[in-house]
Amino acid sequence: MEMMKVETIAKEIIKPSSTTPNDLRTLQLSIYDYILPPVYTAAFLFYTKDELISPEHSSNKLKTSLSETLTKFYPLAGRINGVTIDCNDEGAIFVDGRVNSCPLSDVLRCPDFKAIQQLLPVDVIDNPYEAASTWPLLLVKATYFSCGGMAIGICISHKIADAASISTFIRSWAAMARGEGESVAGPEFAAANFYPPANPFFKLPVDEHANKISRITKRFVFVASKLEELRTKAASAGVVARPTRVESVTALLWKAFVAAVSSNTNTFVTKVLILPSNLRPKIPSLLPESLIGNVMFSSAVLSVSGEEQVKIEEAIRDLRKRKEDLRVVIQDEGGSTSSMMGSKIANLMLSNYSMLSYETHQPYALSSWCKLPLYEASFGWGSPVWVAGNVAPTLENVTMLIDSKDGQGIEALVTLPEENMISFEQNPELLAFASVNPSVMV
């Protein structure tokens, strides 16, 4: 396959179609928003050819509907200023791109994650880490292939959006493009009414070696039949009842990560699994699905010291124990106000993190995007044939799980330092259940 080259055709700033009212001009960030790394939550949506719609028509439709959508999602057109967002209608960046070097089918035959980073719009800003913590908070890139296929890359600053937030935004934008904008519930920007407001003096430990190590992203696909095998095997030891798809894949990836890191790094370092969990479905009475922000509970759920090995069934048992611990905290605070419960959960989370140190701990973060309705994102030319999610720029030791198009399988996008990936991708137990970067079935 010829190397994909994306040519930028145009770049413009899209502003909300209506001016944001004065009483909505300042949005408070929560403490969780504030402590997150300055990167973008990123989604890739791929569409095959539509004979009836030209690239010019698609581009105009996307820009017009984005402008209308930004009226509802007005903070995404603003600028972060310390611990608040100035909702000043500064706008979002929209880039049109073109690929003449290869058809979309070549890209989908064996997705190269280094190459498809070109389908994200971060290349049009000088310093993405600085931009994600100032402006622009939203960037979009529509790339058209000579065969008629297209890709839409969407980046929203992680300071204001988790995976559920970007899914809500895409759903609203797609409905607006189809002329059905009123059918979707409007977003709520009130995450700082749950978690305590951001405090500029609060800082978490920083990894001094971050962004200095060469890292690589690879895709591992678990088809439905292999997931069934994995779930059955995990339950057969009699330690746990039959696990979910996500539990079983999480435990297997954790086991492979520990084995890969142990073979390449100081054995005295404690490996810890960080698992962000969407709180909206756990506390629906307080946290609507349409709430935008970082409404997650994130903590170190598993740890392994020295040369200790992971057993999948025990990892699943411990994962469930942590899940139950959180459920008990939520239940005990059942009569609390939103801010009281948010403070309790934030204190639990931050005290957990305060015990970690990059000198003595090696974190591995795994985020599940499963069950988010990203494959329903139709802008008027059908549903996407493939969806991927990550952060941009990529962070090492981070994995994203996302549903396969059939809703039964799971795709894992794993980013590791290159030396660890070499042993990770050759792990025989992992390869017994996952395929490495198979063709996307269109």
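Preceding this section is the structure that the text describes.
Procedures and definitions
- Residues numbered from 1 in each chain as written.
- Predicted model: local features only at pLDDT ≥ 70, side-chain atom pairs only at ≥ 80, totals over all residues.
- Heavy atoms only, no water.
- Pairing = 2+ DSSP bridges.
- Helix = DSSP H or I, 4+ residues; strand = E, 2+ residues; numbered from the N terminus.
- Axes fitted to C-alpha atoms, helices over the stretch in contact; angles between N-to-C directions.
- Contact = heavy atoms within 4.5 Å.
- Salt bridge = Lys/Arg side-chain N within 4 Å of Asp/Glu carboxyl O.
- Buried < 20%, exposed > 50% of the residue type's maximum accessible area, 1.4 Å probe, protein only.
- Core = buried A, V, L, I, M, F, W, Y, C linked by side-chain atoms within 4.5 Å.

A. Quick peek at the sheet that holds strand β7 (residues 138-145). Spatially, the six strands line up as an open sheet ordered β1-β6-β7-β8-β3-β13, and their pairing is mixed. Sheet topology places β1 (7-14) and β13 (386-392) at the edges, where each strand pairs with a single neighbour. Across this sheet, the average inter-strand angle for adjacent strands is 15°, counted without regard to direction. Sheet strands in contact with helix α2 (residues 55-72) are β1, β6 (92-99), β7 and β8 (150-157), and its direction is about 165° off that of β7. This element, helix α6 (residues 163-177), spans β3 (40-47), β6, β7 and β8 of the sheet and lies at about 130° to β8.

B. Layout of the pattern of salt bridges. Scanning the model with the defined rule gives 23 salt bridges in all. Lys321 is paired through a salt bridge with Asp325; the nearest N and O atoms lie 2.9 Å apart. With a gap of four residues between them, Lys321 and Asp325 both fall in helix α9 (residues 312-332), about one helical turn apart. Residue Lys321 is classed as partly exposed on the basis of its relative accessible area, which comes to 46%. The partly exposed category is assigned to Asp325, whose relative accessible area is 32%. Through salt bridges with shared partners, one network takes in Glu12, Lys63 and Asp96.

C. The pairing of β6, seen in detail. Counting buried positions along β6 yields seven of eight residues, so the element is predominantly enclosed. Taken together, the seven bridges between β1 and β6 define a ladder with antiparallel strand orientation. Across the sheet, residue Glu7 finds its bridge partner in β6, namely Arg98. Of the pairings in the sheet, the one linking β6 to β7 comprises seven bridges and is parallel in character. Note that in β7 the partner of Gly97 across the bridge is Thr143.

D. Focus on the nonpolar core. By size, the foremost hydrophobic cluster in this structure holds 89 residues, and its most contacted members are Ile152 and Phe379. Here this core gets eight residues from one element, more than from any other, and that element is α6. Apart from the residues within four sequence positions on either side, Phe379 is in contact with Leu45, Tyr47, Lys61, Leu62, Ile152, Trp173, Ala174, Ala177 and Arg178. Listed in part, the 38 residues of the second largest apolar core include Leu227, Ala251, Leu319 and Ile410.

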